[in-house]
Amino acid sequence: MKFEARDVDLYYGSKQALKKINMDIEEKEVTALIGPSGCGKSTFLKILNRLHDLNPNVRIEGDVKLDGKDIFAEMDPIEVRRRVGMVFQSPNPFAKSIYNNVAYGLKLAGIKNKTELDDRVKKALEDAALWDEVKDRLNSSALGMSGGQQQRLCIARALAPGPEVLLMDEPTSALDPISTSKIEDLCHSLKQHYTIVIVTHNMQQALRVSDKTAFFLLGEVIEMNETQELFSNPKEAQTSKYITGRFG
Ligand SMILES: Nc1ncnc2c1ncn2[C@@H]1O[C@H](COP(=O)(O)OP(=O)(O)OP(=O)(O)O)[C@@H](O)[C@H]1O
């Protein structure tokens, strides 16, 4: 098990956004989080790399373990974020060259050797299925790339420091169908080496890319199962209603 969440509650001020979440996230699988808008999917995702630390209004109760170690009590946030990378909804490359976007985290981590930087930038771009498209223009601005290329660059940037887990919050919602399908293909190749957790509004996407799916509703996990099983044979009436489009 890569992550184990036990009885996790999260409050924004006095408002409870997550209630008693229990979830096991298996290593080197893709786990999809689905559910209607505002049900807490992104809120849960951000717990996994301690992104809520930056918001003083947030209170979290319960335990979250990464490889058996409590991410709050036994690890510092820098370690958690080094091991757990994140990609957001809209591509958000830095206004820097393609090379420097990917090298950014490596330089922050103190890597100065040019050969090592070059090798790791190349590897991350290859892993993000972008190398062939950009290898002749590594010094051009990332802002001149298409949206789909920018999102794969953000994936390369997240992969460069060598995380074990990749969190993706609706990574294709701003992309056209071809770019979306490239990112979905990537999920399949990346899971050989990484554990992936993806928030998606698109149930077809959850079916295409994930091994397990968790269905969230009003801050609770209603049901979690093998993806095929959850969609073909939901155990809970609310899951069934949601996946057949009867609400949300
Ligand atoms: N920073 C915040 N401060 C206060 N409340 C927040 C904050 N972020 C989210 N919320 C609230 O917490 C609840 C869960 O939001 P969250 O963004 O996690 O849902 P979601 O399922 O990811 O929704 P969506 O699919 O629309 O992104 C919502 O009621 C939302 O308004």
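Residues numbered from 1 in each chain as written. Predicted model: local features only at pLDDT ≥ 70, side-chain atom pairs only at ≥ 80, totals over all residues.

- An unreviewed UniProt entry lists the protein chain under the name Phosphate import ATP-binding protein PstB 3, with Urinicoccus massiliensis as the source organism.

Observations concerning the environment of Asn22
- Relative to the elements of secondary structure, Asn22 occurs in strand β2 (residues 15–25).
- In the structure, Asn22 is positioned 14 residues away from Val8 in sequence and 6.7 Å away in space, judged by C-alpha atoms.
- Not counting residues within four places of it along the chain, the set of residues in contact with Asn22 comprises Ala5, Arg6 and Asp7. (Helix = DSSP H or I, 4+ residues; strand = E, 2+ residues; numbered from the N terminus. Contact = placed C-beta atoms within 7 Å.)

Focus on the confidence of the model for the protein chain
- Per-residue pLDDT for the protein chain has a mean of 96; in total, 100% of the residues score no lower than 70.
- This prediction of the complex comes with two scores: 0.95 for pTM and 0.96 for ipTM. (pLDDT = per-residue confidence, 0-100.)

A few points about the sheet that holds strand β9 (residues 212–217)
- Across the sheet, six strands lie side by side as β6-β7-β8-β3-β9-β10; this open sheet has mixed pairing. The outermost strands of the open sheet, each flanked by one partner alone, are β6 (84–87) and β10 (220–226). Between one strand axis and the next, the sheet turns by 15° as a mean value, whatever way the strands run.
- Strands in contact with helix α1 (residues 41–48) are β3 (30–34), β6, β7 (165–169), β8 (195–199) and β9; relative to β8, the strand with the most contacts, it is inclined by about 155°. (Pairing = 2+ DSSP bridges. Axes fitted to C-alpha atoms, helices over the stretch in contact; angles between N-to-C directions.)

Quick word on unusual backbone geometry
- Positive phi, close to 55°, is recorded for Arg50, a residue that is not glycine.
- Within the secondary structure layout, Arg50 lies in the loop between α1 and β4 (58–66).
- A tally of 20 C-beta atoms within 10 Å means that Arg50 is categorised as buried.
- Here Ala129, not a glycine, exhibits a phi torsion of approximately 55°, which is positive.
- Tracing the sequence through the fold places Ala129 in the loop between α4 (114–127) and α5 (131–134). (Buried ≥ 20, exposed ≤ 12 C-beta atoms within 10 Å, placed from the backbone.)

Some words on the UniProt feature "domain: ABC transporter" (unreviewed entry) in the protein chain
- Feature annotation in UniProt assigns "domain: ABC transporter" (unreviewed entry) to the following positions: residues 3–243.
- For residues 3–243, the end-to-end C-alpha separation is 26 Å, with 38% helix and 27% strand making up the annotated structure. (UniProt positions renumbered as here; feature names shortened; annotations may be inferred.)

Details of the nonpolar core
- One finds Ala156, Leu166, Ile196 and Ile198 to be the most contacted residues of the largest nonpolar core, which totals 66 residues.
- The dominant element in this core, judged by the number of residues it contributes, is helix α6 (residues 147–159), at six residues. (Core = buried A, V, L, I, M, F, W, Y, C linked by C-beta atoms within 7 Å.)

Observations concerning the site of the ligand
- Lining the immediate surroundings of the ligand are Tyr12, Ala17, Gly35, Ser37, Gly38, Cys39, Gly40, Lys41, Ser42, Thr43, Asn55 and His201.
- Top element by residues in the shell around the ligand is α1. It accounts for three residues.
- Residues of the shell around the ligand, tallied by class, amount to three nonpolar, eight polar and one charged. (Near = placed C-beta within 6 Å. Nonpolar A, V, L, I, M, F, W, Y, C, P; charged D, E, K, R; others polar.)

Quick notes on the pairing of β2
- Where strand β1 (residues 3–12) meets β2, seven bridges bridge the pair, whose relative direction is antiparallel. Residue Val8 lies in a different strand from β2, and its bridge partner there is Ile21.
- In this structure, the hairpin formed by β1 and β2 is closed by a connection of two residues, where Gly13 is found at a positive phi of approximately 60°.

Section: helix α7 (residues 177–190)
- Under the 1.5 Å per step criterion, the end-to-end length of α7 is 20 Å for 14 residues, consistent within 8% with the ideal 20 Å.
- Every buried residue belonging to α7 is among Ile183, Leu186, Cys187 and Leu190, and all of these are buried. Down the axis of α7, the sector holding all buried residues measures 105°, keeping them to one side. Turned more than 90 degrees off the buried face of α7, the exposed positions are Pro177, Ile178, His188 and Ser189.
- Check the buried side of α7 and you find it contacts β3, α4, α6, β7, β8 and α8 (203–209). (Expected span 1.5 Å × (residues − 1). Arc of directions from axis to C-beta.)

Considering the environment of Gln204
- Looking at where Gln204 falls in the secondary structure, it is placed in helix α8.
- Classification of Gln204 by C-beta neighbours within 10 Å gives exposed; the count is 10.
- C-alpha separation for the pair Gln204 and Ala158, spaced 46 residues apart in sequence, amounts to 25 Å.

A few points about the sheet that holds β1
- The four strands are arranged β2-β1-β4-β5 in an open sheet whose pairing can be described as antiparallel. Each edge of the open sheet carries a strand with a single partner, namely β2 and β5 (69–70).
- Across eight bridges, β1 lies against β4 in antiparallel orientation. Following the sheet pairing, Ala5 is matched in β4 by Val64.

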